[in-house]
Amino acid sequence: MWLNYQTVDDSERLQEYRAMLSDIYLAGGSETIDAAKAELNDGLGQLLGETPNLLNSIPEAGVVAGTIQNSDWLRNLDLDLSRLGPEGYLIRKIDTDGRSKIIIAANQDIGVLYGVFGLLRHVQTHQTLDDISIERSPKVEYRMVNHWDNLDRLVERGYAGLSLWEWGTLPEYKHPRYTDYARFNASIGINASVINNVNADPEILTDQFLEKVSVLADVFRPYGIQLFLSINFQSPQRIGGLDTSDPLNPDVNEWWAEKADEIYELIPDFGGFLVKADSEGQPGPFAYNRTHAEGANMLAKALEPHGGMVVWRAFVYDPAQSDRFREAYDEFVPLDGQFMDNVILQVKNGPIDFQPREPFSPLFGAMEETNTMIELQVTQEYFGFSQHLAYMGTLFTEALQADTYAKGEGSTVAKVVDGSLFDYEHTGMAAVINPGTDENWTGHPFVQSSWYAFGRLAWDHTLSAEQIADEWLRMTFTNNIDFVDPVKEIMMESREAGVNYRMPLGLTHLYDQGHHYGPAPWTADLPRPDWTAVYYHKADDNGIGFDRTVTGSNAIEQYHEPVAERFGDLNSVSDDYLLWFHHVGWDHEMNSGRTLWEELVHKYYKGVEQVRGMQQQWESIKGLIDSERYEHVKALLDIQERDAVRWRDSCVLYFQSFSGKPIPDQYEKPEHDLDHYIELEKTKYVPDPWYN
Ligand code: BDP
């Protein structure tokens, strides 16, 4: 992972670091300070190639870290830390008595730990300490990871082995990986972890499991990570012996209040509940004719006395709806203002479901009176699992920088989720991550980069995807520019390549129902139309795309102007979103001068070319990193190229059966006919049993 502390191989820098960082002093005595000490000691020990001296007093030259409360010496510097808040930190080089010191100062111990990780990152990326002056504090309150881990240790959409949590050996055995997990998260500022699947097993709230859970919370605590649980809305019936889970029933209320008391007894800093309700078969308040707000508020009341939060998901869609796109907005906007203050609505970045490219969800900018956070996906459910390289930093920044125009120009999704647009009481960002028991934690070594990017962006959404990729590569592999530059290019292109060979021009959800790996644009005739691919692309002899303008589902009305107009007008919508909003004729002339059909073919072929380019770039860095990771990624890129060709050929041949137009001469021709690919998808794609 990115805490790969290698001795600095730039001799000038190494000298500078040794002169400045060999003596260290940390003030205070909490578990968090102990963690910071261990991190600094081990980290600098490896980076400097010699163990630093951990002193009990202020060094003449060296590192001084701590809070103002715990260090007279730091207090006497009269620093202004008011801007930093509880979690922020300051790193600065100061000269006293003619000697230079690097100080890390914060208001609370957790800020000191974040500052330590900040300094280590600085050194890991070989930056100078000259005039270092950094002030950092997080832009959102809850920087949260979501695990989709089941209690049988299979991970829904996981692709990296079994769940990290060894329920069988907890609470007795604390696997060392729990601590490493907490370190990774803390190093990028993540402060909340929901450890179990949103499709929640009610058993998680039984005494037996809570005892195990509390041990994980103990491990996370020094690292500033609050533990949350996904809960099943029917828990009062399923494990509590009640005959209803009606949120307005007093017995049900009491059951939840007692459950909350019990949890806080074991985990005094418990974060709260994440809830998937009335979505994809999960129980919820609808069974009792209650609203999402009534359901969420019942739980919020139980948690409120303890300072806990309810994170209520807005991922809902109903087969009765004619356009799934509209669903979340139509269900939640009428409830704006009805949720308690300790509820946050968790909204996926797009209106459907973590597709390779989606327009932003119109719920961002529509919930003025309801705390609203964003949910992103690190695990590559729709991006080739752990087989394909797809850095999500670019997708995340695209989603965050989208302008909702809710309060005029500049009302970005980022400003909605950081609370500055509507002055939310609580703010947050979440990502579904995938770590498992695989030796490298994430399956594909580059999935780590999206976890890293998520954390960095949750802390500071103004960072660029490129800057983050640069950091991650240097920390995880090497600072050698001959490696960093080409591989950064691979990363920056990888998501767009994935869009191009799967579903360009605003196509979406061309997967089979279930595993979401290979191409299946032909999928039709399932119990629910919104689980088929034909529902999304609507290809016919005239054209392709989903009409969401006034002549169609009119989902564009859910956006503020001028977004609605921009998406709704064939001439102003960008190519990237074209088929999200319009059913377009095959001969429609595109901005490039090509027809829609030609453009579609062009994009599919381009996607494959991009992957081939990625392969070449990767081969160019052979010898610059260890052969183990080199060979692993190389083999995975071969798989990705094979799959990209299959995606391209499957989709082009299938859509050709509607357009009736030839694949232009300049392109290599598909090796097989359409039937071959349909058969292949049925039999060959799902690589592992738990991928379903
Ligand atoms: C979809 C996944 C499914 C999840 C669901 C969710 O296919 O496994 O349970 O989202 O977010 O992306 O609840």
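As a starting point, this report considers the structure included with it. This is a predicted model, so every value here is computed, not measured.

**Considerations on the site of the ligand**
So, point 1. Looking at the ligand, there are 14 residues lining it, with Glu156, Lys276, Arg313, Asp353 and Glu381 nearest.
So, point 2. Side-chain polar atom of Asp353 to an oxygen atom of the ligand: 2.6 Å apart, as the coordinates give it.
So, point 3. In isolation the ligand has 320 Å² of accessible area, and contact with the protein removes 97% of it.
So, point 4. Split by residue class, the shell around the ligand holds four nonpolar, two polar and eight charged.

**A few points about the environment of Ala469**
So, point 1. With respect to the element layout, Ala469 can be found in helix 14 (residues 465-476).
So, point 2. For the pair formed by Ala469 and Tyr452, sequence separation is 17 residues and the distance between their alpha carbons is 8.9 Å.
So, point 3. Ignoring anything within four residues of it in the chain, the contact list for Ala469 reads Tyr391, Lys488 and Met491.

**Points about the pairing of strand 12 (residues 343-348)**
So, point 1. Here strand 12 lies mainly inside the structure; six of its six residues are buried.
So, point 2. Here strand 12 shows two buried faces, one formed by Val343, Leu345 and Val347 and the other by Ile344, Gln346 and Lys348.
So, point 3. Bridging between strand 11 (residues 309-313) and strand 12 involves four bridges; their strand directions are parallel. Within the sheet, the bridge partner assigned to Val311 lies in strand 12 and is Ile344.
So, point 4. Regarding topology, helix 10 (residues 327-332) serves as the crossover connection from strand 11 to the parallel strand 12, and that connection is right-handed.
So, point 5. Strand direction decides the pairing type here: strand 12 and strand 13 (residues 372-377), joined by four bridges, are parallel. Its bridge partner being in strand 13, Val347 is matched across the sheet by Ile374.

**Considering a negative patch on the surface**
So, point 1. Together, Asp243, Asp251, Glu254, Glu258, Asp261 and Glu265 give the surface a local cluster of negative charge.
So, point 2. Mapped onto the elements, Asp243 comes out in the loop between helix 7 (235-238) and helix 8 (250-266).
So, point 3. For Asp243, a relative accessible area of 72% translates into the label exposed.

**A look at the nonpolar core**
So, point 1. Residues Leu21, Trp312, Trp618 and Phe655 are the most contacted members of the largest nonpolar core, which totals 226 residues.
So, point 2. Among the elements that make up this core, the one with the highest residue count is helix 20 (residues 627-659) (11 residues).
So, point 3. Sequence-distant contacts of Phe655, that is, excluding residues within four places in its chain, are made with Leu507, Leu510, Pro521, His537, Ala539, Ile544, Trp586, Trp597, Leu600 and Tyr604.
So, point 4. Judged by nonpolar contacts, the second largest core, of 12 residues, contains Ala27, Leu84, Ile94 and Ala105.

**Thoughts on the environment of Thr379**
So, point 1. Topologically, Thr379 is positioned in the loop between strand 13 and helix 11 (393-401).
So, point 2. We classify Thr379 as buried; its relative accessible area is 2%.
So, point 3. In the structure, Thr379 is positioned 178 residues away from Glu557 in sequence and 31 Å away in space, judged by C-alpha atoms.
So, point 4. Leave out the neighbours within four places in its chain, and Thr379 touches Arg157, Gly158, Tyr159, Val432, Ile433 and Asn434.

**Remarks on the environment of Ile678**
So, point 1. Within the element layout of this structure, Ile678 appears in helix 21 (residues 674-684).
So, point 2. Residues Ile678 and Pro519 lie 159 residues apart in sequence; the distance between their C-alpha atoms is 8.7 Å.

The rules behind these values
- Residues numbered from 1 in each chain as written.
- Predicted model: local features only at pLDDT ≥ 70, side-chain atom pairs only at ≥ 80, totals over all residues.
- Heavy atoms only, no water.
- Near = heavy atom within 4 Å.
- Polar contact = N/O pair within 3.5 Å; in protein donor to acceptor, adjacent residues only side chain to side chain.
- Areas by Shrake-Rupley, 256 points an atom, 1.4 Å probe, with all protein chains shown as cover.
- Nonpolar A, V, L, I, M, F, W, Y, C, P; charged D, E, K, R; others polar.
- Helix = DSSP H or I, 4+ residues; strand = E, 2+ residues; numbered from the N terminus.
- Contact = heavy atoms within 4.5 Å.
- Buried < 20%, exposed > 50% of the residue type's maximum accessible area, 1.4 Å probe, protein only.
- Pairing = 2+ DSSP bridges.
- Right-handed = clockwise from strand over helix to strand, strands pointing away.
- Patch = residues over 30% accessible without salt bridge, like charges linked within 9 Å, V, L, I, M, F, W, Y side chains within 5 Å.
- Salt bridge = Lys/Arg side-chain N within 4 Å of Asp/Glu carboxyl O.
- Lys, Arg positive; Asp, Glu negative; His and termini not counted.
- Charge placed at Lys NZ, Arg CZ, Asp CG, Glu CD.
- Core = buried A, V, L, I, M, F, W, Y, C linked by side-chain atoms within 4.5 Å.

Purely geometric stuff here, so don't read any function into it on its own.
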